[in-house]
Protein chains: 2
Amino acid sequence: MKKVPEATIRRLFYYYRCLKNDHSESPKYICSDTLGNKTGIKSTLLRRDLSFFGHMGHKGKGYQRDELENKLKNIMGIDQQHEIALIGAGNIGKALVKYKKFRELGLYITEIFDNDLDKIGRRVGGYIVKNVKYLKESLEKNNIKIVILAIDEEESDEIITQLQEIDIKAIWNLSSAQLDLDQNVIIIKEDLCCSLGSLICKMNN
Amino acid sequence: MKKVPEATIRRLFYYYRCLKNDHSESPKYICSDTLGNKTGIKSTLLRRDLSFFGHMGHKGKGYQRDELENKLKNIMGIDQQHEIALIGAGNIGKALVKYKKFRELGLYITEIFDNDLDKIGRRVGGYIVKNVKYLKESLEKNNIKIVILAIDEEESDEIITQLQEIDIKAIWNLSSAQLDLDQNVIIIKEDLCCSLGSLICKMNN
DNA sequence: TAGATTGTTAATCGATTAACAATC
DNA sequence: TAGATTGTTAATCGATTAACAATC
């Protein structure tokens, strides 16, 4: 099978969410034009995206809603629950713990770590913030393979060194730190400062 | 002058931040190889990016640090302060108000709005949450042209209609709502659910 | 059969990389 | 002058779009 492009992967979620949120249910089928309009993605691109995963539609009819929703869920791996560890119990970290929509996707933050003694031991969204020095031990014990990194730059070096020693599969990096880990750890970087900065820059250019 | 590519704009901020945070100052010049390594961007791409804005470097020497930092600041438009309005005083919104790094860039959230009566009137990070029905009035009065949208999906339709009537320049859309506004409003969408969802999807593919 | 719509192939567009002449 | 490094041009890569044959 051909390699699925990065850009396609990012769009799968939009298709999925649109189907999930659209409870009008009644027409059993939805065509690429309709789903494309709702998600703001051209229908031809949508069809191409979906075709990477085999024949998902029905010629002359469109895509069967339930079927497509379930297939997408399965492809994205959110048909099962995932436990996630959060490193950094600052403002952003705390907001993420309380963010309901992750849970709707079966994504649960069940461990919270920080290196700030003021934060360790406190309760955030029902979980007690642990000392980051127990990170490795705790992730291995609970078999957690996904990490959200929401630390401040100042704390980063120490924590990045620790991360290198743990067998994790994926990191959602919300910090400004640049991670140079093992090739086979999936990393998505979401740099809020950079994003807002780009907005101002675009305004100016 | 040639149109600056989207991708270039996003990278300018990395170059800028790297220079700003690197207080080792001592060598007056930094070459594209060094700055490229620090930011994780190939030096040839970096040079191409910068060249869109004229001759920024000095052949045989590299880029003069202060000069480049200031030019970038000027190009991005963060050499002056910007006031920003936040719509949505939920978990994410509150975290953004308290986020120090925006202020370091001269970006200040000075108005906060919500449509939830429980939130209106409360204080978040020193500012009182206003009723979103005063949005237009308040932004015009204070001449605010930049909006951060951090609302829940449920509230979105009403608020988006309101946004259409206001003369704003840029929106940083952290909600899952799809905005179809005037062509000349700059919009950057940062969809946290989609981003974390893509991470799980990449793990699976 | 006629109409609708998918899935695929080729063409286009945009972004990155490689190569290197210009020049400090 | 020799070495270093920029800025630019051409080549490559990857993503989107247009066109359309296949088929329900």
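Residues numbered from 1 in each chain as written. Chains lettered and ligands numbered in written order. Predicted model: local features only at pLDDT ≥ 70, side-chain atom pairs only at ≥ 80, totals over all residues. Heavy atoms only, no water.

Taken together, 24 residues lie near DNA strand C, and A:Ser32, A:Arg47, A:Gly57, A:Tyr63 and B:Arg11 sit nearest. Here DNA strand C approaches the protein such that, of its atoms within 4 Å, sugar and phosphate make up 60%. A:Met56 places a main-chain nitrogen or oxygen 3.1 Å from a phosphate oxygen of DNA strand C. Of the residues assigned to the surface near DNA strand C, the class counts are six nonpolar, nine polar and nine charged. (Near = heavy atom within 4 Å. Polar contact = N/O pair within 3.5 Å; in protein donor to acceptor, adjacent residues only side chain to side chain. Nonpolar A, V, L, I, M, F, W, Y, C, P; charged D, E, K, R; others polar.)

All names here are of chain B. Spatially, E5-E6-E4-E3-E7-E8-E9 is the arrangement adopted by the seven strands of the open sheet, whose pairing is mixed. If you trace the sheet from one side to the other, it starts and ends with strand E5 (123–124) and strand E9 (186–189), each paired once. Examined bridge by bridge, strand E8 (residues 170–173) and E9 share four bridges and lie parallel to one another. What sits directly across from Trp172, in E9, is Ile188. Running over the sheet, helix H7 (residues 135–142) touches strand E3 (82–87), strand E4 (107–114), strand E6 (127–131) and strand E7 (146–149) and is turned about 155 degrees from E4. (Pairing = 2+ DSSP bridges. Helix = DSSP H or I, 4+ residues; strand = E, 2+ residues; numbered from the N terminus. Contact = heavy atoms within 4.5 Å. Axes fitted to C-alpha atoms, helices over the stretch in contact; angles between N-to-C directions.)

Residue and element names in this part refer to chain A. Mapped onto the fold, Arg11 is located in helix H1 (residues 6–21). At 2.6 Å, the side chain of Arg11 and the side chain of Asp49 are in polar contact. When near neighbours in sequence (up to four residues on either side) are disregarded, Arg11 contacts Ile41, Leu45 and Asp49.

All names here are of chain B. Of the two faces of E7, the one holding Ile146 and Ile148 and the one holding Val147 and Leu149 are both buried throughout. Both E3 and E7 contribute to a ladder of four bridges, which runs parallel. Opposite Ala85, over in E7, you have Val147 as the bridge partner. Summarising the sheet, E7 and E8 pair through four bridges and their orientation is parallel. Residue pairing across strands places Leu149 opposite Asn173, the latter belonging to E8. Note that the unit made of E7, helix H8 (residues 156–164) and E8 has a crossover that is right-handed. (Buried < 20%, exposed > 50% of the residue type's maximum accessible area, 1.4 Å probe, protein only. Right-handed = clockwise from strand over helix to strand, strands pointing away.)

What follows is about the nonpolar core. Within the largest apolar cluster, 102 residues are counted, with the highest numbers of intra-cluster contacts made by A:Leu96, A:Trp172, B:Leu96 and B:Trp172. Ignoring anything within four residues of it in the chain, the contact list for B:Leu96 reads A:Ile92, A:Leu192, B:Phe102, B:Ile109, B:Ile148, B:Trp172 and B:Leu174. (Core = buried A, V, L, I, M, F, W, Y, C linked by side-chain atoms within 4.5 Å.)

A word on helix H9 (residues 192–204) of chain B. In an α-helix there are 3.6 residues to a turn, and that puts residues three or four apart on one side. The end-to-end C-alpha separation of H9(B) is 19 Å, in line with the 18 Å expected for 13 residues at 1.5 Å each. Of all 13 residues that make up H9(B), eleven are buried, and the element is covered over most of its length. (Expected span 1.5 Å × (residues − 1).)

As a further point, take the packing of H1(A) against helix H3 (residues 43–51) of chain A. Residues and elements named next belong to chain A. Their axes nearest at 10 Å, the elements H1 and H3 cross at an angle of 105 degrees. Comparing the axis directions of H1 and H3 gives the class roughly perpendicular. Across from Thr8, Arg11, Leu12 and Tyr15 in H1, the residues of H3 making contact are Leu45, Leu46, Asp49 and Leu50. Classifying every residue of the contact of H1 with H3 gives five nonpolar, one polar and two charged. (Parallel < 35°, antiparallel > 145°, perpendicular 65-115°, else oblique.)

Domain boundaries in chain A define domain 1 (6–76) and domain 2 (82–195). Using C-alpha coordinates to define each centre, domain 1 of chain A is positioned 32 Å away from domain 2 of chain A. (Domains from an automatic or database assignment.)

Residue and element names in this part refer to chain A. One open sheet holds the seven strands; their spatial order is E5-E6-E4-E3-E7-E8-E9, and the pairing between them is mixed. Looking at strand neighbours, the two that pair on one side only are strand E5 (123–124) and strand E9 (186–189), the edges of this open sheet. Against the sheet, helix H5 (residues 91–98) touches strand E3 (82–87), strand E4 (107–114), E5, strand E7 (146–149) and strand E8 (170–173), its axis set at about 150 degrees to E4.

Our focus in this paragraph is a positive patch on the surface. Positive charge collects at one region of the surface, where A:Lys94, A:Lys98, A:Arg122, B:Lys94, B:Lys98 and B:Arg122 lie side by side. Elements that contribute at least two residues to the positive patch include exactly H5 of chain A together with helix H5 (91–98) of chain B. Structurally, the position occupied by A:Lys98 is in helix H5. The class for A:Lys98 is partly exposed, based on a relative accessible area of 41%. (Patch = residues over 30% accessible without salt bridge, like charges linked within 9 Å, V, L, I, M, F, W, Y side chains within 5 Å. Areas by Shrake-Rupley, 256 points an atom, 1.4 Å probe, with all protein chains shown as cover. Salt bridge = Lys/Arg side-chain N within 4 Å of Asp/Glu carboxyl O. Lys, Arg positive; Asp, Glu negative; His and termini not counted. Charge placed at Lys NZ, Arg CZ, Asp CG, Glu CD.)

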